[in-house]
Structures are given as C-alpha cells and as structure tokens.
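Observations on chain architecture
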Protein chains: 2
Amino acid sequence: MRIADASTGGAPSEFTTRARLRDAAIQCFAAEGFGASVRTIAARAGVSAGLIRHHFGSKDALRAECDAAVLERHRSLKTEGLVAPANAMAQLAESDEHGATLVYILRSVQDGSAAGTAFIERLIDDAVVYSEEAVAAGILRPSADPVGRARLLVTNSVGGLIVLLSMHPEISLTDFKTVLAKTFEQIALPSLELYTYGVFADSSYLDQYLLYIGDPPGSRV
Amino acid sequence: MRIADASTGGAPSEFTTRARLRDAAIQCFAAEGFGASVRTIAARAGVSAGLIRHHFGSKDALRAECDAAVLERHRSLKTEGLVAPANAMAQLAESDEHGATLVYILRSVQDGSAAGTAFIERLIDDAVVYSEEAVAAGILRPSADPVGRARLLVTNSVGGLIVLLSMHPEISLTDFKTVLAKTFEQIALPSLELYTYGVFADSSYLDQYLLYIGDPPGSRV
DNA sequence: ACGGCGGCTATACACGTGAGTAGTATCCGA
DNA sequence: TCGGATACTACTCACGTGTATAGCCGCCGT
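Description of the structure in this document. (Residues numbered from 1 in each chain as written. Chains lettered and ligands numbered in written order. Predicted model: local features only at pLDDT ≥ 70, side-chain atom pairs only at ≥ 80, totals over all residues. Heavy atoms only, no water.)

**Considering the overall build of chain A**
Heads up, the rule is: Secondary structure is summarised from DSSP: a helix means a run of H or I of at least four residues, a strand means a run of E of at least two, and numbering begins at the N terminus for each. Only protein chains enter the area calculation, which uses a 1.4 Å probe; residues under 20% of their type maximum are buried, those over 50% are exposed, and those in between are partly exposed. In what follows, a contact means two residues having at least one pair of non-hydrogen atoms within 4.5 Å. The method behind every accessible area is Shrake-Rupley, applied with a 1.4 Å probe, and residues are considered shielded solely by the protein chains displayed.
Within chain A, the secondary structure is distributed over 11 helices and zero strands. In chain A, the order of α-helices and β-strands from amino to carboxyl end is α-α-α-α-α-α-α-α-α-α-α. Counting only residues that meet the buried cut, chain A has 46% of its 221 residues in that class. Look at the contacts in chain A between residues 6 or more apart in sequence, and 62% of them connect residues 24 or more apart. Accessible surface computed for chain A: about 11100 Å², of which carbon and sulfur atoms make up 55%.

**Some remarks on the interface of chain A and chain B**
As a reminder, the rule being used: Simply put, the buried area is the total loss of 1.4 Å probe accessible area from both parts when two parts are fitted together. Any carboxyl oxygen of Asp or Glu within 4 Å of a side-chain nitrogen of Lys or Arg constitutes a salt bridge here. Here a polar contact is taken to be a pair of N or O atoms separated by no more than 3.5 Å, where protein atoms must pair a possible hydrogen donor with a possible acceptor and residues adjacent in sequence count only if both atoms sit in side chains. All residues other than Ala, Val, Leu, Ile, Met, Phe, Trp, Tyr, Cys, Pro, Asp, Glu, Lys and Arg, Gly among them, are scored as polar; the first ten of these are nonpolar and the last four charged.
The interface of chain A with chain B comprises 53 residues on the first partner and 53 residues on the second. Summed over the three residues of chain A that lose the most area to chain B, namely Arg141, Val199 and Phe200 of chain A, the buried surface amounts to 12% of that side. Seen at the junction of chain A and chain B, the total is zero salt bridges. Applying the counting rule to chain A against chain B returns 13 residue pairs in polar contact (both at pLDDT 80 or more). Of all elements in the fold, only α7 (96-111), α8 (114-136), α9 (146-166), α10 (176-197) and α11 (204-214) of chain A reach the threshold of two or more residues within the side of chain A that touches chain B. Counted by class, the side of chain A that touches chain B contains 27 nonpolar, 16 polar and 10 charged residues.

**Comments concerning the packing of aromatic side chains**
Operational definition: In this analysis, rings of Phe, Tyr and Trp, with Trp reduced to its six-membered ring, are considered paired at centre separations within 6.5 Å, and the interplanar angle assigns stacked below 30 degrees, edge-to-face beyond 60, and tilted for intermediate values.
The tally for this structure, following the rule as stated, stands at 12 aromatic pairs over all chains. With 5.9 Å between their ring centres and 40 degrees between their planes, tyrosine 209 of chain A and tyrosine 212 of chain A make a pair best called tilted. With tyrosine 209 of chain A and tyrosine 212 of chain A both in helix α11, this residue pair falls three residues apart, about one helical turn. Among the residues examined, tyrosine 212 of chain A registers a relative accessible area of 34% and is labelled partly exposed. With 4.8 Å between their ring centres and 40 degrees between their planes, phenylalanine 200 of chain B and tyrosine 205 of chain B make a pair best called tilted. Classification of tyrosine 205 of chain B by relative accessible area gives partly exposed; the value is 34%. Ring pairs connect the aromatic residues Phe29, Phe34 and Tyr104 of chain A, which therefore count as one cluster.

**Examining the pattern of salt bridges**
All names here are of chain B. In this structure the tally under the stated criterion is eight salt bridges over all chains. Between arginine 22 and aspartate 23 there is a salt bridge, with its nearest N and O atoms 3.2 Å apart. Judged by relative accessible area, which is 10%, arginine 22 ranks as buried. For aspartate 111, the salt bridge identified is with arginine 63, shortest N-O distance 2.8 Å.

The following block contains the structure:
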C-alpha cells in the first residue's frame, strides 16, 4: 500500500506508474465512456489488467481517482485565471490534454455520476459569483433569479455540448481538439446573438409569466 | 416470422403481445437506460426472457422497434398540433405515458444512438420551420444564422434537460411526470428572461465577433 | 554478493449478459 | 375429434466483465 506516496514522498500525482495508469484511464473513459473495460485501459497503458487492480484495488477506485484528478485539473486551470466567465469551456478545448479533460467531464455529467454532479454544481457556483461581478460591472443584465439564471446557463451550455458531441461518435482517441473546435465554431454566432438580444421580439411571454406567478390560478399544486 | 402482422392484418402496433412487450421495454429503457437487461424487461411484462427473443430475435431488434414506436408517437403528437414551438417539451411531460416517451427520447439522445440523433435532427428541422413562421409573424427576432440558431436552441434545451435529469437519478418508474414538472418549473423564469432580453448588457461581444469573422486574423487555421 | 520487496504478469473464478434449443400448453380450423 | 400452428417457458451455452491469487523479475540497500 501507499506505493507512490512512500517513494516520491508526498505528492501522489507525479510521473509514477500509478499516474500513468490513471491518465490512460482518463483518456479511455473520455474516448469510450465509462464502459471502457479495465483490460482496454491496461492495453492503452501497455500493461496487464491485473496491475490496475494491484494499484487501485478496483475499477471504481480507479475511476474515483480519475474523477479527483480531473476535478483538480479543472480547479487549477481556474485558479490560473484561464477560465473566463463567458467562454469557460472554449478555453479547455485548446490543448489536447485539456480536450480529454473536458470530454471526461462531459462524460461524467452525461453519466450522472457524483463527479459529474459535483462538477456541474461547482460550475454553477462559479457562474453565480462571476454573474454578480459582471452585473456590478455593467456587463451582464440583472436577473430576477440570479442563481436560477446561472443554473440555466450552465446546464444548457454543458448539456448542449453533450448533445452535439453525442452526434459525433467518431471521437477517436486523437482529435478531441478538432471536434471541440468545430463544435464551438458552429455555435459561436448563435450563442452570442442569443446572449445579446434573446430570441423573442417583445417581452409579452415574460410579462404573461410574471403575471401568472404573481397570482397563480388554482389549477396547479 | 411476421407473427403480429399476419394475425391482425396490417397494423403491427395494436394490443398484441408483441406491442405489450415493446411498451414494457420502452418503460424499462426509460427508467434504467439501455443497459436494462432483457430479463428485466421480461419480468416487467410478466413473461419469460425467451419470449422476447422469440418475438424480436435480438435485443437490438427490440430496441429498434422501441425507437420506431417512440419516434412515431412523437410524430403523431406533432400532427395533432399539441407540440407548440416554444414549449415543445413541456407538453410531453403532461401525461405519464408521454412522460416515459420523453425520457426515452432523452435517453436515446444521451446515449448517442441513431434514434437520438434522428430525433434531434427532426426537432431542429421543426424549429427551423417554426422560427421562420414566428419571425414572419413578428414574434421572434430575425437571426443572421437561422438554422444555427435553431440548432443551438434545440441542443441547449434538450441537453439542459438531460443534465438536469441526470442530477436526479431517482426517477423511479412511477413519477416521470413529477420530476419533469419540477424541472420545468425550475427553469421557466430564467428561460423566459434569457429568451426575452439575453444576458449581456450591450452588444459589444457580438459586435466584436462579427468584426472578427468579417476579417479573421491569421492566427487560426 | 545477496536477500527481500515492490512492480508486474498469467491464470483462474464468479457473475451477469445475450443468444440458442427443446419442449409444453393452448387455440383454431377442417 | 384431431392436427397443426402459435404463444410461451425452462434450460443451456458462449462470452465478456470485474475480481482474485500465485508467482516471476529486477532493483536497491546492506
């Protein structure tokens, strides 16, 4: 037990074999989803399947470590100031390693795992903070339901990305970056339009709804 | 072969055993995802696993028939005029049977299957048509990229729904309707706000991008 | 030089899956 | 009444999976 820790002395995520296996797993999970077998991961890392069990004990434990690594990678990216409020995702697609990270995160969300939920909630929390700042700075319009808006923006963006990527099952291990770039290029203009002007020509739908929730008819519970 | 067809004489989707099994499969797939085993489906229908193979030949064939049935169900709903442009999804959540249909569709999209892709593309095509009409009627703002906007709106809405539902794994076979209603209630106000006013306080981001694609710097390939 | 130990593999096991086969019961027409 | 087809079940098989164990090889401290 405690193999890598004991040898390197504290930092478990170095260039140890354990980290190599973990990164191979991240790439496989990103490429094929979490159905990727332990043997596939082992093959990609050029080792035998038993070694993974030797290091991690179980597939679930391996995945938990992948989750932690990816979450941590995203957190460090954020503290580096790379992740801007609006185009948070686009930044991640730049490098190929980060591309795999992004796809892994999307797969986690898609899969409904705890890591995916955690990630979404973190994004929402971030968005709430960014939104407050941006509203104060006059960049964003104020909202009647700021956290609801943040939630909507995040879930829609991430979900839209998931749908778009689901429609391209040919994300062979190599071109995460390419397919992500294409996708972003596809949605950039409509997104900016939507975020700038909305889609409705006037505010009648919103006004109706505001009236409706102000004095709701008894038909609903 | 051709059991139901030969007996009922033309319409394969009646109250035949075959249709019963298919509907049980749709509910199981909606509840558990497509990993639901043939035995589970059989148990739900109150029959043995072998019978499913007897009727459909394979699990894939069964799923194909479920896909077709769901797609057809949605198409008939559309021709009934029930599906309005804006709140297309909300309608489906009303009845419980349609709730299962909706969730099945979402699962198909999430899963990246051909049926899911087909469904998304159909929704986009519909949205393009509706948008044209709505723009002509002065309800929607015109767009510089109408089909891009339709694509964005559809993928974001459906994807957002998928994400939101993924975060509630407790969709026990019974309360499709409840969880869908809660979800819609949660996003209604922010959605209307977004679609009415957007989120940006001014058009500077959009203007920048329009300039950018008008004369792109050479840094990109 | 050598002895122990950690990295690593080969092999096997239990389990759940989809698929296949054989056989039984039930109904319908001649 | 009977014969055949059809709905249905019980049982079996092959396969891929995650998990588990036993053992080999090379490095490193003494």
